[in-house]
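Chains, contacts and geometry: an overview
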Amino acid sequence: MAEQISMTPELQEYVTDSSLREDDILRELRHETAGLPGGTALQVPAQEGQFLALLIRLVGAASVLEIGTFTGYSTLCMARALPAGGRLVTCDITDRWPSIGAPYWKRAEVADRIDLRVGDAVETMEGLLADGGPGTFDVVFVDADKANYPRYYELAMELVRPGGLIVVDNTLFFGRVVDPACTDADTEGVRALNARLREDERVELSMLPVADGITLVRRKDV
Ligand SMILES: C[S@@+](CC[C@H](N)C(=O)[O-])C[C@H]1O[C@@H](n2cnc3c(N)ncnc32)[C@H](O)[C@@H]1O
């Protein structure tokens with residue numbers, strides 16, 4: 001049996017036709033984002049957004065932290081999956097992109113669950129730790145600048161509760177992780193985190209060769 005079948009455009013279309021349930025609000029946000037420079041590459045694919053929502057439900061998460069909002073497609077997917085009273089803290093270095101997504105959050109009637117923090121993600125995460133203490137999030141989704149991935153991971157490990165889930169996006173980084181010619185800070189950041197995860201006995205993990213690579217990391221229950 002094949003270890004991993006190759007994805008073709010036809011198969012990708014089949015997967016989409018067979019399972020994607022993107023509604024008008026999400027589709028319009030995706031289309032508006034596609035008009036921005038680099039928009040399509042930065043935003044999670046629609047299938048991944050749906051997968052994130054499913055993960056939130058599977059974990060039964062009521063408290064989610066997102067590192068890297070951009071125009072808030074993944075934010076919207078996850079916020080909708082929260083139970084009443086749930087909260088999602090999302091952060092970005094700039095308000096420029098989240099301000100595009102905010103009207104869509106409102107249209108979807110989940111704006112009241114979303115707490116946007118504008119500023120450097122390390123500072124935001126340290127602030128959350130200082131204010132709320134460790135272990136206050138059920139799920140942390142890491143999707144900001146890749147050079148800082150190892151730092152985000154260590155802070156996420158402090159912020160996520162035992163038994164909680166850290167989802168790391170772009171762990172294949174457009175294939176650059178296996179290209180020796182790629183030695184830029186972002187690629188090295190992803191490589192360093194991937195190597196760290198393999199050895200980190202505090203967690204269980206699964207690296208999914210889906211989209212641009214999604215690694216699921218469960219913090220062990222002490
Ligand atoms: C890949 S995009 C996030 C995509 C988003 N999750 C989505 O699916 O639409 C990465 C985001 O991280 C933000 N970012 C980059 N450096 C950052 C930093 N040091 N702190 C916080 N956010 C940062 C960028 O502004 C960008 O919007």
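Preceding block: the structure.
Now for a look at the structure at hand. Everything quoted here is computed from the prediction, not taken from an experiment. (Residues numbered from 1 in each chain as written. Predicted model: local features only at pLDDT ≥ 70, side-chain atom pairs only at ≥ 80, totals over all residues.)

**Structural notes on the overall build of the protein**
Of the regular secondary structure elements, the protein holds nine helices and seven strands. Taking the principal axes of its C-alpha atoms as reference, the protein extends roughly 45 × 40 × 30 Å. Burial analysis of the protein (222 residues in total) assigns 36% to the buried set. Taking the contacts inside the protein whose residues are at least 6 apart along the sequence as the reference set, 72% of them involve residues at least 24 apart. (Helix = DSSP H or I, 4+ residues; strand = E, 2+ residues; numbered from the N terminus. Buried ≥ 20, exposed ≤ 12 C-beta atoms within 10 Å, placed from the backbone. Contact = placed C-beta atoms within 7 Å.)

**Observations regarding the pairing of strand S6 (residues 203-208)**
Regular strands have side chains that alternate between both faces of the sheet. Bridge count between S6 and strand S7 (residues 214-219): six bridges; the pairing is antiparallel. Within S7, the position partnered with Glu204 by the bridge is Arg218. Counted along the chain from S6 to the antiparallel partner S7, the turn is five residues long, and its residue Ala211 has a positive phi close to 50°. (Pairing = 2+ DSSP bridges.)

**Regarding the site of the ligand**
The full set close to the ligand counts 19 residues, and Gly68, Phe70, Ser74, Ala121 and Asp145 are the nearest of them. Put simply, the parts of the chain that give the shell around the ligand at least two residues each are helix H5 (73-81) and strand S2 (87-92). (Near = placed C-beta within 6 Å.)

**Quick look at the environment of Pro180**
As for its placement among the helices and strands, Pro180 is situated in the loop between strand S5 (160-169) and helix H9 (185-199). According to the C-beta neighbour criterion, Pro180 is exposed, with 5 such atoms within 10 Å. With 161 residues separating them in the primary sequence, Pro180 and Ser19 have C-alpha atoms 36 Å apart.

**Side note on the pairing of S2**
Burial within S2 is extensive, with five of its six residues counted as buried. As a crossover connection, the stretch from strand S1 (residues 63-67) through H5 into S2 is right-handed. Strand direction decides the pairing type here: S2 and strand S3 (residues 114-118), joined by five bridges, are parallel. Note on S3: the bridge partner recorded for Cys91 is Arg117. (Right-handed = clockwise from strand over helix to strand, strands pointing away.)

**Topic: the packing of H5 against helix H6 (residues 98-107)**
It is at 9 Å that the axes of H5 and H6 come closest, and there the two elements cross at 25°. Overall, the two elements H5 and H6 adopt an arrangement that is roughly parallel. For the element pair H5 and H6, the recorded crossing hand is right-handed. On the side of H5, the interface is formed by Tyr73, Thr75, Leu76 and Ala79, while H6 contributes Gly101, Tyr104 and Trp105. (Axes fitted to C-alpha atoms, helices over the stretch in contact; angles between N-to-C directions. Parallel < 35°, antiparallel > 145°, perpendicular 65-115°, else oblique. Left-handed = near helix turned anticlockwise from the far one by under 90°.)

**Looking at the environment of Ala108**
Here Ala108 is to be found in the loop between H6 and S3. Taking the C-alpha atoms as reference points, Ala108 and Arg219, separated by 111 residues in sequence, lie 31 Å from one another. Those residues within four positions of Ala108 in sequence are excluded, and the remaining contacts are Ile25, Leu76 and Arg80.

Limitation: the analysis is restricted to geometry and does not speak to function.
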